[in-house]
Amino acid sequence: MSWRYGDWSTTHPLPIGASERAPVGKPVRAGDVIAAGTSYGSPVRVGGARRLGLVADDLERVMRVSRGAEVERGAILARTGRRFARAVSAPIDGRIAHVRADGDLELAPVVARWSVRATLDGVVTASSDSALTVEGGAWGLQGVAGYGPDSVGDLAIAVDGPRSELQPSRIDVRQRERILVGGGRSGAEAITRAHACGVAGVIAGAVPAAGLRVVYGDDVSAHGGSSRGDVPSVLCLLGFGSAELPSAIFAPLVAFAGSRAAIHTASARLFVFAPANAIEVSQHSPSLALVTDWGTVRPIEGPAALSGDVTFPSEITAAAVGTADGPTPAANVLAFGASRG
Amino acid sequence: MTVATATGLVATVDVAHEASVRRIGPRTDGADLRVTTGVPLRLAILAGRDPDSLAAARAAALGACADIVLTLTAGPHASFIDRASALRDARPQAALVVTDAGDVAGVIDLVEALRAGCIGQPDPPALLVAADDRSRQRIAYCAVPLAVEAIPGPDTVQAREAIVARLRGMRREGGDVVLRDEAIESAARSLAAATSRSTLVVDVTGASTSLAFANAGTLLSAHSHLGVGAGADRVVSQGGLDRVRRWIPWPIDAPALLERVFNRARWPDAIPSSPLTLAIEMSLARESIAQLLREAERADLDIAAMRRAASIVCTGALARFPRAAQSVLAALDAIAPEGTQLIARERPDELLAAGAIASRSSADVTTTLEPLALVASLWPKRSTSVSVTDERGSSVERVARGSLLLMPTSGAVELKIDAEPALASAPALAIGVVVDARGRPLELPPRDAERLPTLGRWHAALATVPVGGSAS
């Protein structure tokens with residue numbers, strides 16, 4: 001199955017320092033802020049329970065501000081007694097990042113603020129300090145790997161056809177906050193230019209692996225990776241290098257042009273928010289073949305059939321599929337929606 | 001369950017690959033055991049400042065095939081927030097906490113960071129603490145609400161085995177599952193016992209690499225999720241692309257190679273149909289093994305003993321290269337063995353299945369092997385004579401420093417090297433005697449202009465790939 005309309009679920013891990021988050025049951029739209037918080041600098045350890053002459057378990061009782069609260073320098077954090085009072089005050093502006101088991105406080109300065117946005121129109125179904133889950137209905141397409149932060153924007157076709165490469169010259173600031181469909185290949189130059197022009201994200205059949213290293217660093221993996229930094233959002237639909245998009249994938253993208261869409265990079269999925277009857281999709285997934293030198297993924301649009309065991313130039317004998325390009329190992333042919341590890 | 005013995009019924013075992021399953025055994029309706037790589041386990045190591053404790057913790061993680069997602073040591077290297085953020089991002093499923101005398105306060109700081117980083121997670125990490133009773137109580141107090149399990153310190157073999165068993169329990173999907181690394185270890189033990197020779201089993205699959213060395217009741221093992229398939233991109237990101245590229249006997253630029261590695265990583269059970277892709281798979285296999293050896297060395301495992309094993313047995317993808325010589329060359333390049341060894345390979349998945357059975361019962365593992373080559377690694381000061389006797393008679397070859405030589409044989413073989421008193425013998429071999437005088441550590445010239453002819457000579461010596469032909 002390639003395109004599918006149905007209920008999807010997206011989980012958004014949160015960094016530490018969440019200060020507000022959407023509660024379970026809250027309806028959200030893709031792009032809405034569902035959690036926000038602060039990034040911390042180096043914290044200061046503030047003596048708490050011991051300084052007040054308390055056991056650690058009693059600290060909570062005398063705290064004047066809650067865990068996670070933002071305080072100014074000099075603010076009273078905890079206080080005991082009336083006539084002979086003892087108090088703990090904040091030595092710096094910051095937030096109480098953590099209360100240690102021994103009753104000390106980790107007070108951390110706020111150096112930045114972050115927010116996490118929904119990638120589905122739906123309802124929050126789980127909410128904790130570490131992650132939020134949103135569930136909702138949308139047209140969805142499973143890719144192979146997603147990179148960068150989640151993104152939301154209107155879909156725009158930026159290539160002439162499913163085989164074309166996304167050319168940097170076709171990207172400008174008019175595509176700001178849109179998700180560009182980049183055909184069979186999007187190179188590093190096009191991706192970085194799109195990011196510089198304010199494009200929300202880029203979808204392509206394939207991205208050169210070396211280009212991914214240029215954009216995301218040498219640690220980039222074939223399994224994708226979401227991040228929160230100021231980097232482009234990219235969704236590879238088929239593989240790496242170049243990969244012509246099958247018509248069963250590209251035609252709906254064209255039909256959805258102008259619709260609101262979102263890329264959830266952690267699950268490598270594209271969601272399009274359009275009515276369930278907006279397009280008709282085939283029940284059969286297109287077949288994909290990994291070409292002989294593993295450098296390209298190619299759709300098999302014509303007829304293909306098992307052609308028995310074949311000995312390949314590597315001297316490996318294996319079941320083969322006969323295609324217009326000659327026999328291909330059957331293991332190197334997969335349906336679009338097949339599990340890719 | 002059907003119990004397998006050397007003379008009785010044979011159990012049927014399903015061996016899982018990246019996207020397929022191969023059944024070994026007589027049954028067609030189902031299997032008694034399943035061999036899988038198990039669920040990946042994300043492990044954080046929190047250790048004191050003692051490097052021995054850290055190495056012991058690493059050895060336990062390698063033994064359990066756990067993915068070390070983060071290692072934090074006590075000391076003023078990073079702030080509390082940096083550590084907590086790193087732990088939040090690493091999302092460990094388990095944390096191995098190892099204390100040493102005098103460093104408990106530092107380890108408690110790490111546990112506080114873990115609590116701050118993992119608070120609110122629906123599945124908080126299991127905290128496995130190796131510490132004395134008093135320290136463990138202090139750590140447990142700081143870790144609330146995380147559950148703490150007491151484990152023995154990983155510095156003895158028995159304690160390490162207990163930790164490995166606990167971590168493997170987290171990776172196991174069901175009662176009938178034998179983890180691939182367990183089966184490999186069991187096979188190594190059984191082979192060492194059956195042949196009375198020290199044995200190193202080297203297993204490379206799409207998503208895992210294992211080394212299991214058994215000798216007279218002792219076992220050294222290391223496992224990782226490096227591989228020639230789903231783990232291929234890890235090999236590149238951990239070791240660097242050039243380490244993989246240097247073994248390919250044709251010119252290929254780095255971006256083109258990276259593309260192929262990434263596509264292979266996301267194409268389960270893909271078959272290398274061209275000589276180039278086969279060479280890429282062989283390179284990935286070499287580097288998977290070499291990286292695991294380096295990790296094992298960092299964990300203070302006895303790598304020298306592994307390199308001196310009397311038998312080296314290749315399994316998994318390493319055993320399934322189309323030419324037997326390809327398995328031998330890849331194993332030689334990756335392990336860089338010392339002394340004289342018999343190199344063998346399993347018949348597809350048979351040793352693994354026998355190892356899985358042997359982990360529960362007893363099994364005949366020796367019949368699952370195909371002896372490939374008797375390998376002598378030398379570094380002679382001047383050219384030396386090597387004499388080989390087989391059923392066709394004796395032959396003598398002069399071996400110069402730096403050379404790699406194959407002497408095809410027929411029937412049982414005896415090998416005598418000048419200036420060495422010992423006589424090595426082997427049963428009938430698929431390839432023959434290989435004399436490796438390339439020296440240790442094995443070094444490749446950095447520049448393509450020198451590297452490619454060198455690789456070409458080595459491949460030609462063992463007739464591994466049609467080097468003169470094209471890569472496609």
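Residues numbered from 1 in each chain as written. Chains lettered and ligands numbered in written order. Predicted model: local features only at pLDDT ≥ 70, side-chain atom pairs only at ≥ 80, totals over all residues. Heavy atoms only, no water.

Visitor: So what about the overall build of chain A? Which residues, and what values?
Guide: When you go through chain A residue by residue, the secondary structure sums to five helices and 30 strands. Expected size for 341 residues packed as a compact globule is a radius of gyration near 20 Å; at 26 Å, chain A overshoots this value by more than 25%. Projecting the C-alpha coordinates of chain A onto the three principal axes gives extents of approximately 90 × 45 × 35 Å. Counting all 341 residues of chain A, 52% fall into the buried class. Put simply, 64% of the contacts in chain A that link residues at least 6 apart link residues at least 24 apart. (Helix = DSSP H or I, 4+ residues; strand = E, 2+ residues; numbered from the N terminus. Rg over C-alpha atoms; globule rule 2.2 N^0.38 Å. Buried < 20%, exposed > 50% of the residue type's maximum accessible area, 1.4 Å probe, protein only. Contact = heavy atoms within 4.5 Å.)

Visitor: Can you break down helix α12 (residues 324–335) of chain B residue by residue, with the values?
Guide: Residue and element names in this part refer to chain B. For α12, with 12 residues, the first-to-last C-alpha span of 17 Å sits near the 16 Å given by 1.5 Å per residue. Listing the buried residues of α12 in full gives A324, A325, Q326, S327, V328, L329, A330, A331, L332, D333, A334 and I335. Positive backbone phi, at 50 degrees, marks A336, one or two positions downstream of α12. (Expected span 1.5 Å × (residues − 1).)

Visitor: Explain the side chain of T323 of chain A to me, and be specific about the residues and the numbers.
Guide: Residue and element names in this part refer to chain A. Within the secondary structure, T323 sits in strand β28 (residues 317–323). Using a relative accessible area of 19% as the deciding quantity, one classes T323 as buried. A polar atom in the side chain of T323 sits 2.7 Å from the backbone oxygen of G326. Not counting residues up to four positions away in its chain, the partners in contact with T323 are I300, A304 and T328. (Polar contact = N/O pair within 3.5 Å; in protein donor to acceptor, adjacent residues only side chain to side chain.)

Visitor: Could you give me a rundown of the confidence of the model for chain B, with the residues and numbers involved?
Guide: All names here are of chain B. Per-residue confidence for chain B gives a mean pLDDT of 92; residues scoring 70 or more make up 97%. Below a pLDDT of 50 lies the segment residues 1–7, which in the model reaches 17 contacts outside its immediate sequence neighbourhood of four places, other chains included. With pTM at 0.94, the complex prediction returns an ipTM value of 0.94. (pLDDT = per-residue confidence, 0-100.)

Visitor: Explain the nonpolar core residue by residue, including any values.
Guide: Residues L270 of chain A together with V328 of chain B are the most contacted members of the largest nonpolar core, which totals 136 residues. The dominant element in this core, judged by the number of residues it contributes, is helix α10 (residues 275–298) of chain B, at 11 residues. With sequence-adjacent residues up to four places away left out, V328 of chain B is seen in contact with I343, L372, A373, V375, I431, V434 and L462 of chain B. (Core = buried A, V, L, I, M, F, W, Y, C linked by side-chain atoms within 4.5 Å.)

Visitor: Please set out the interface of chain A and chain B residue by residue, giving values where relevant.
Guide: Chain A puts 59 residues into the contact, and the matching count from chain B is 48 residues. Between chain A and chain B, the buried area comes to about 4,600 Å², and carbon and sulfur atoms account for 60% of it. On the chain A side of the contact with chain B, I16, H98 and W294 of chain A bury the most area, a combined 17% of that side's loss. Linking chain A with chain B are five salt bridges, by the criterion used here. When the shortest N-O distance is used, the salt bridge between D109 of chain B and R45 of chain A registers 3.7 Å. (Buried area = accessible area lost by both parts, 1.4 Å probe. Salt bridge = Lys/Arg side-chain N within 4 Å of Asp/Glu carboxyl O.)

Visitor: Got a sec to walk through the pattern of salt bridges? Specific residues and values, please.
Guide: On inspection of all chains with the given rule, the structure shows 49 salt bridges over all chains. Here R49 of chain B and D103 of chain B are joined by a salt bridge, their closest N and O atoms 3.6 Å apart. Highlighted residues: R49 of chain B in the loop between β4 (42–47) and α1 (51–64) and D103 of chain B in the loop between β6 (94–98) and α3 (104–118), separated in sequence by 54 residues. Residues participating in the shared-partner salt-bridge network are R45, R50, R100, D102, D104 and E106 of chain A together with D109 of chain B.

Visitor: Tell me about the packing of α10 of chain B against α12 of chain B, and name the residues and values.
Guide: All names here are of chain B. Contact pair α10 / α12: the axes reach a minimum separation of 8 Å and the direction vectors enclose 35 degrees. For α10 against α12, the interelement crossing comes out right-handed. Across the interface between the two elements, L278, M282, R286, I289, A290 and L293 from α10 touch Q326, L329, A330, D333, A334 and I335 from α12. Of the residues belonging to the contact of α10 with α12, the class tally is nine nonpolar, one polar and two charged. (Axes fitted to C-alpha atoms, helices over the stretch in contact; angles between N-to-C directions. Left-handed = near helix turned anticlockwise from the far one by under 90°. Nonpolar A, V, L, I, M, F, W, Y, C, P; charged D, E, K, R; others polar.)

Visitor: Quick one: what's the story with the sheet that holds strand β26 (residues 296–300) of chain A, residue by residue and with numbers?
Guide: Backbone-to-backbone hydrogen bonds pair the strands of a sheet. The strands run either parallel or antiparallel. Residues and elements named next belong to chain A. The strand order across the open sheet built from four strands is β22-β26-β25-β30, with neighbouring strands paired in mixed fashion. Looking at the sheet topology across the chains shown, the edges are occupied by β22 (242–243) and β30 (333–335). Where strand β25 (residues 287–290) and β26 come together, four bridges link them in antiparallel fashion. Bridging across to β26, L288 finds its partner in P299. (Pairing = 2+ DSSP bridges.)

Visitor: Which residues make up the sheet that holds strand β2 (residues 18–21) of chain A, and what values go with them?
Guide: All names here are of chain A. One open sheet accounts for three strands, arranged β2-β4-β11; its pairing is antiparallel. Every other strand in the sheet has two partners, leaving β2 and β11 (110–117) as the edge strands with one partner each. For this sheet, the mean angle separating the axes of adjacent strands, direction not counted, is 15 degrees. Pairing analysis gives seven bridges linking strand β4 (residues 33–40) to β11, with the strands arranged antiparallel. Paired with V33 across the bridge in β11 is R117.

Visitor: Which residues make up the pairing of β25 of chain A, and what values go with them?
Guide: Residue and element names in this part refer to chain A. Between β25 and the antiparallel strand that follows it, β26, lie five residues; W294 among them carries a positive phi value of about 65 degrees. Here three bridges tie β25 to β30, and the two strands are oriented antiparallel to one another. Residue pairing for β30: L288 is matched across the bridge by L334.

Visitor: Please give an account of the packing of aromatic side chains that cites residues and values.
Guide: Residues and elements named next belong to chain A. The tally for this structure, following the rule as stated, stands at six aromatic pairs over all chains. Pairing Y5 with W139 gives two aromatic rings, centres 5.6 Å apart and planes at 70 degrees, and the pair type is edge-to-face. Placement of the pair is Y5 in strand β1 (residues 4–13) and W139 in strand β13 (residues 131–142), with a sequence separation of 134 residues. Owing to a relative accessible area of 36%, Y5 belongs among the partly exposed residues under this scheme. Residue classification places W139 among the buried residues on the basis of a relative accessible area of 3%. (Phe/Tyr/Trp six-rings, centres within 6.5 Å; stacked < 30°, edge-to-face > 60°.)

Visitor: Mind laying out unusual backbone geometry, listing which residues take part and the relevant values?
Guide: Residue and element names in this part refer to chain B. Here the amide bond leading from V144 into P145 is cis, since omega sits at 15 degrees, within 30 degrees of zero. Residue placement: P145 occurs in the loop between α4 (133–143) and β8 (148–150). For the peptide bond that leads from R440 to P441, omega is -5 degrees, which places it in the cis range. In this structure, P441 sits in the loop between β21 (432–436) and α14 (448–462). Backbone geometry at C65 places phi at a positive 55 degrees, although glycine is not the residue there. With respect to the helices and strands, the residue C65 is situated in the loop between α1 and β5 (67–73). The exposure class assigned to C65 is buried, which follows from its relative accessible area of 3%. Of note, R91 is a non-glycine position whose phi angle comes to about 45 degrees, a positive value. Residue placement: R91 occurs in the loop between α2 (80–90) and β6.

Visitor: For the environment of E259 of chain B, give the residues involved together with the corresponding values.
Guide: Residue placement: E259 of chain B occurs in helix α9 (residues 254–265). E259 of chain B has contacts with P208, A209, A210, F240, G241, W294 and G295 of chain A, leaving out every residue within four places of it along the chain. There is a polar contact of 3.0 Å between the side chain of E259 of chain B and the backbone nitrogen of A209 of chain A.

Visitor: Now, about the state of the cysteines: what can you tell me, with residues and values included?
Guide: Inspection of the entire model under this criterion finds zero disulfides over all chains. Free of any disulfide, C65 of chain B has its nearest neighbouring cysteine sulfur in C314 of chain B, separated by 19 Å. (Disulfide = S-S within 2.5 Å.)

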